[in-house]
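The primary structure of each chain is shown beneath.
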Amino acid sequence: MIDTSHPGHDYASGGLRFLTELIAWVAVPWALWPHSIALAVGAVVVLIGLPAVFSTPGDRPGGGTLVSVPGIVTILLVLIQLAAATAAAWALGPLWAAAAVTVLCLIVPVTEQARWRRLLSSRGGPNGAQPGGS
């Protein structure tokens with residue numbers, strides 16, 4: 001069950017965000033593979049590994065964080081995913097698919113606004129301190 005007490009972790013916004021992440025995880029290495037296997041593997045490490053390691057304390061409903069970072073870093077990681085998914089869609093797909101991915105990637109920042117506001121009001125750090133002592 002998803003903890004909906006945190007903004008941005010409802011089924012709609014979380015599902016849209018996950019869909020764009022999935023597109024990036026598949027499409028970027030697929031687009032890079034013919035040019036450089038090392039770049040394709042590196043893209044997977046960046047797109048999956050960085051968000052898995054670096055996150056803002058309190059952002060993940062089901063768990064903690066390995067390395068605490070400020071909310072802006074988490075937001076930037078999402079934006080990297082969105083840019084990567086969009087670029088790879090245009091490099092790989094037919095026009096209709098690239099356009100659909102682009103529209104999806106433009107919708108996600110709108111659905112993420114509540115989460116991003118909360119992320120910007122939190123601090124990352126060794127103990128994951130939150131403003132106001134929470």
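It should be noted that the structure appears before, not after, this text.
Numbers given to residues run from 1 along each chain, matching the order in which its sequence is written. Side-chain atom pairs in this predicted model are given and counted only at pLDDT of 80 or more, local residue features only at pLDDT of at least 70, and totals for whole chains, interfaces and linings cover all residues. Hydrogens and water are ignored here; the side-chain numbers use all heavy atoms of the structure.

**Side note on helix α1 (residues 11-32)**
Next up, step 1: Helix and strand assignments come from DSSP, with helices taken as H or I runs of at least 4 residues and strands as E runs of at least 2, each series counted from the N terminus. What a helix is expected to span follows from its residue count: subtract one and scale by 1.5 Å. Here α1 is 22 residues long and its end C-alpha atoms lie 31 Å apart, about the 32 Å a rise of 1.5 Å per residue gives.
Next up, step 2: A 1.4 Å probe rolled over the protein chains alone gives each residue an accessible area, and that area as a share of the maximum for its type sets the label: buried under 20%, exposed over 50%, partly exposed in between. Within α1, burial applies to Ser13, Gly14, Arg17, Thr20, Glu21, Ala24, Ala27, Val28, Pro29 and Ala31.
Next up, step 3: Whether two residues are in contact is decided by their heavy atoms: any pair within 4.5 Å suffices. On its buried face, α1 is in contact with α2 (37-53), α3 (71-92), α4 (95-111) and α5 (113-120).
Next up, step 4: Here a polar contact means two N or O atoms within 3.5 Å. Within protein one must be a hydrogen donor candidate and the other an acceptor candidate, and residues neighboring in sequence count only if both atoms are side-chain atoms. With a side-chain oxygen lying 3.1 Å from the backbone nitrogen of alanine 12, the N-terminal cap of α1 falls on aspartate 10.

**Brief notes about the packing of α3 against α4**
Next up, step 1: Here the axes come from fitting lines to C-alpha atoms, over the contacting stretch only for helices, and the angles between their N-to-C directions go from 0 to 180 degrees. Look at α3 against α4: their axes get within 8 Å of each other, and the N-to-C directions meet at 170°. On the basis of the axis angle, α3 is roughly antiparallel to α4. Residue-level contacts link Leu82, Ala85, Thr86, Ala89 and Trp90 of α3 to Leu95, Ala98, Ala99, Val101, Thr102, Cys105, Val108 and Pro109 of α4.
Next up, step 2: For the contact of α3 with α4, the residue count by class is 11 nonpolar, 2 polar and no charged. The scheme is simple: roughly parallel for angles under 35 degrees, roughly antiparallel for over 145, roughly perpendicular for 65 to 115, oblique for anything else. Here the term charged refers only to Asp, Glu, Lys and Arg, the term nonpolar to Ala, Val, Leu, Ile, Met, Phe, Trp, Tyr, Cys and Pro, and the term polar to all other amino acids, Gly among them.

**Focus: the packing of α1 against α4**
Next up, step 1: Packing of α1 against α4 leaves a shortest axis separation of 9 Å and a crossing angle of 140°. Comparing their axes, α4 and α1 come out oblique. Two packed elements cross with a definite hand, and for α1 against α4 that hand is left-handed. Taking contact as the criterion, the partners of Ser13, Leu16, Arg17, Leu19, Thr20 and Ile23 in α1 are, on α4, Val101, Leu104, Cys105, Ile107, Val108 and Thr111.
Next up, step 2: Taken together, the residues of the contact of α1 with α4 sort by class into 8 nonpolar, 3 polar and 1 charged. With the far helix as reference, a near helix turned anticlockwise by less than a right angle produces a left-handed crossing, and one turned clockwise produces a right-handed crossing.

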